[in-house]
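Observations on the model geometry
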Amino acid sequence: MTVTAAGPLPTAPYDVAVVGAGVVGCAIARELARRPRLRIALVEAQDDVGQGTSKANTAILHTGFDATPGTLEARLVREGYTRLGAYAAETGIPVERVGALLVAWDEEQLAALPRLAEKAERNACHDTALLDPAELYAREPHLGPGALGALHVPGESIICPWTTTLAYATQAVRAGADLHLNTAVREVSPSDGHLLTTSRGTLRARHLVNAAGLHADTLDRALGHEDFTVTPRRGQLLVYDKLARPLVRHILLPVPTALGKGVLVAPTVHGNVLLGPTAEDLRDKRATGSTADGLAALRDKGRRVLPALLQEEVTAVYAGLRAATGHEDYRITAHPGQAYITVGGIRSTGLTASLAIAAHVTGLLADGGLDLGPVREPEPVTMPNLGEAFPRPYQRPDLIAADPEYGTLVCHCERVSRGEIRDALASTVPPRSLEGLRRRTRARAGRCQGFYCGAAVRELFERGTRP
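For the structure given in this document, a descriptive report is provided here. Since this is a predicted model, take the numbers as computed values, not measurements.

Analysis parameters
For every chain, the first residue of its written sequence is number 1, and the numbers climb from 1 along that sequence. In view of the model being predicted, local features appear only for residues whose pLDDT reaches at least 70, and side-chain atom pairs are presented and counted only at 80 or more, with totals across whole chains, interfaces and linings using the full set of residues. The basis for every side-chain value is the complete set of non-hydrogen atoms in the structure, without hydrogens or water. Secondary structure elements follow DSSP: runs of H or I no shorter than four residues count as helices, runs of E no shorter than two count as strands, and numbering proceeds from the N terminus. Only protein chains enter the calculation, and the probe is 1.4 Å; a residue is then buried if its accessible area is under 20% of its type maximum, exposed if over 50%, and partly exposed in between. Centre distance within 6.5 Å is the pairing criterion for rings of Phe, Tyr and Trp, where only the six-membered ring of Trp is used; planes under 30 degrees apart are then read as stacked, over 60 as edge-to-face, and the remainder as tilted. As a rule, the C-alpha atoms of each element are fitted with a line to give its axis, helices using only the stretch in contact, and angles between N-to-C directions run from 0 to 180 degrees. Angle categories are assigned with fixed cut-offs, so that under 35 degrees is roughly parallel, over 145 is roughly antiparallel, 65 to 115 is roughly perpendicular, and the rest are oblique. Whether two residues are in contact is decided by their heavy atoms: any pair within 4.5 Å suffices. When residue character is reported, Ala, Val, Leu, Ile, Met, Phe, Trp, Tyr, Cys and Pro are called nonpolar, Asp, Glu, Lys and Arg charged, and the others, Gly included, polar. Whether two strands pair depends on DSSP finding at least two bridges between them. Throughout, right-handed denotes a crossover for which the path from the first strand over the helix to the second runs clockwise when the strands point away from the viewer. Here, expected helix span is obtained from the residue count minus one, scaled by 1.5 Å. The arc in question is traced by the directions running from the helix axis to the C-beta atoms. Whenever a carboxyl oxygen of Asp or Glu lies within 4 Å of a side-chain nitrogen of Lys or Arg, that contact is scored as a salt bridge.

1. Considerations on unusual backbone geometry
That bond from Gly 276 to Pro 277 is cis: its omega, 0°, falls within 30 degrees of zero. Locating Pro 277 in the fold gives a position in the loop between β17 (273-276) and β18 (280-281). Of note in the backbone geometry, Ala 59 takes a positive phi value of approximately 55° without being a glycine. Mapped onto the elements of the fold, Ala 59 is located in the loop between β3 (40-43) and β4 (60-61). For Asn 182, which is not glycine, the phi dihedral falls at a positive 50°. For Asn 182, the position within the fold is in the loop between β10 (178-180) and β11 (185-190). Classification of Asn 182 by relative accessible area gives partly exposed; the value is 30%.

Right, here's the structure in full:
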């Protein structure tokens, strides 16, 4: 059980190498690590887990009410919703069941709501309800004028995506998996399984799982397959200050289109309000910058949905890339003759479906000849709470009495203590950058964006990462 970011890779072959340490890759590694007989490698090109699509999504735990019925995605999202809900409760990942409202703004959208309710029924989501304008505005009094009705989906929830990915990786490593960071896969060739040529040398594995996200099609082609092409779809988002949180009670969704779920307004477990995302198909898989036009378009849409939101301060702007493939379903395919599985086209629902995807992929590996061996449940973990709806360390006198470091605030905007930063730096999968520390603690993520606490946080980070 190691986490490495430099130096040579082990020479002994692994039973399975999982390429890509996003939320799905980490979930697969965790599931495989439940089999102590197996030797598992989790290989990531960047310096931390969850550095790609996983860190920049809308952080919604989906019921799957609007998935295409009968697809693999619909089944795995439905299963994953139950699995992840239970897992979050066990591990302390913050989840709030706020529910969603699909708001109709014209007659065409209003006519679509009953069809969406029927679709939800086919996806085993039986508790939706159609709301008239009076019921809608009673639930969301700050909603913009002119809404004609809505579909209420009470099971839709908000979740912390960073803590979820980190929990999976932590359990995988503690159960014996090796996490190799800064390890970009450059070539794959057959050699008693697979020989991976990486930026840190070579690595051998008998079975290979491609969970490379935006680059899954590139790795797939290296193994002779051209089943799909990933088009990076940029989603820009605005994060509004916590003072905006009382303006919205539900996840406010538009009636979906072929391009996706559209621009939403949603609370976050961290106490902010999100507006976004855009849906821009690009060619550059590194184009995570925001644009003036994109942000202006978001504000225009937000002004109709929640006019008062535009009077609030923006805390942050970010953009993420989703792996669009032009297909209505996940591209999860087993190639038994190559001891290889593609896990591609995992869109924004991948966070919700992650544990179900992991179980499905493990089953495919077994069908392809991998002897899984006996199961040993991983050591339970309790993740640091980053959610505003639950007691934070600075609010717990018992914790502070036992360790005063939890009562000494460093980041005052987000109420992050020295104890939390210390714990993150000493964790199983520690941060290797200030951005990684931000995702683990929320330090520098508040309204001042590190203006006041930046120097103190950097000093603690450098002291804690010094050899």
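2. Thoughts on the packing of aromatic side chains
Here the structure, examined in full by the defined rule, presents two aromatic pairs. With a centroid separation of 5.3 Å and an interplanar angle of 45°, the aromatic rings of Tyr 87 and Tyr 168 are classed as tilted. Of this pair, Tyr 87 sits in helix α2 (residues 72-91) while Tyr 168 sits in helix α5 (residues 161-174), placing them 81 residues apart in sequence. The exposure class of Tyr 168 is buried, given its relative accessible area of 0%. For the pair Phe 451 and Tyr 452, a centre-to-centre distance of 5.0 Å together with 85° between the ring planes defines the contact as edge-to-face.

3. Here's the deal with the packing of α2 against helix α8 (residues 350-367)
α8 packs onto α2 with a crossing angle of 105° between their chain directions and a minimal axis gap of 6 Å. Taken as axis vectors, α2 and α8 run roughly perpendicular relative to one another. Across the interface between the two elements, Leu 72, Arg 75, Leu 76, Val 77, Glu 79, Gly 80, Tyr 81, Arg 83, Leu 84 and Tyr 87 from α2 touch Leu 351, Thr 352, Ala 353, Leu 355, Ala 356, Ile 357, Ala 359 and His 360 from α8. Here the residues of the contact of α2 with α8 are counted per class, giving 12 nonpolar, three polar and three charged.

4. Quick word on the pairing of β3
Residues of β3 alternate between two faces, with Ile 40 and Leu 42 on one and Ala 41 and Val 43 on the opposite face, all of them buried. As paired elements, strand β2 (residues 14-19) and β3 share four bridges and run parallel to each other. Note that in β3 the partner of Val 19 across the bridge is Val 43. Following the chain from β2 across helix α1 (residues 23-33) to the adjacent parallel β3, one finds a crossover that is right-handed. In this structure, β3 lies alongside β10, joined through three bridges in parallel fashion. What sits directly across from Val 43, in β10, is His 180.

5. Some points on helix α7 (residues 292-305)
A rise of 1.5 Å per residue sets the reference length of α7, with its 14 residues, at 20 Å; its end C-alpha atoms lie 20 Å apart and thus fit the reference within 8%. Listed as buried for α7 are Gly 294, Leu 295, Leu 298, Gly 302 and Val 305. Projection of α7 onto a plane perpendicular to its axis shows the buried side chains occupying an angular sector of 90°, all on one side. For α7, the exposed residues set more than 90 degrees away from the buried face come down to Ala 292, Asp 293 and Asp 300. The inward-facing, buried residues of α7 abut β14 (231-240), β15 (251-254), β16 (264-267), β17 and β19 (314-324).

6. Section: the pattern of salt bridges
Side chains carrying opposite charge are able to pair once their charged atoms draw close together. Counting across every chain of the model gives 32 salt bridges. Two residues, Glu 377 and Arg 34, come together in a salt bridge whose shortest N-O distance is 2.5 Å. Placement of the pair is Glu 377 in the loop between α8 and α9 (397-402) and Arg 34 in the loop between α1 and β3, with a sequence separation of 343 residues. Arg 34 gets classed as buried once you look at its relative accessible area, which sits at 13%. With a shortest N-O distance of 3.7 Å, Asp 217 and Arg 221 are connected by a salt bridge. Taken together, the residues Asp 217 and Arg 221, both in helix α6 (residues 216-222) and four residues apart, mark about one turn of the helix. One network of salt bridges, in which partners are shared, links Lys 242, Glu 388, Arg 392, Glu 414, Glu 420 and Arg 442.

By themselves, these figures tell us nothing about what the structure is for.
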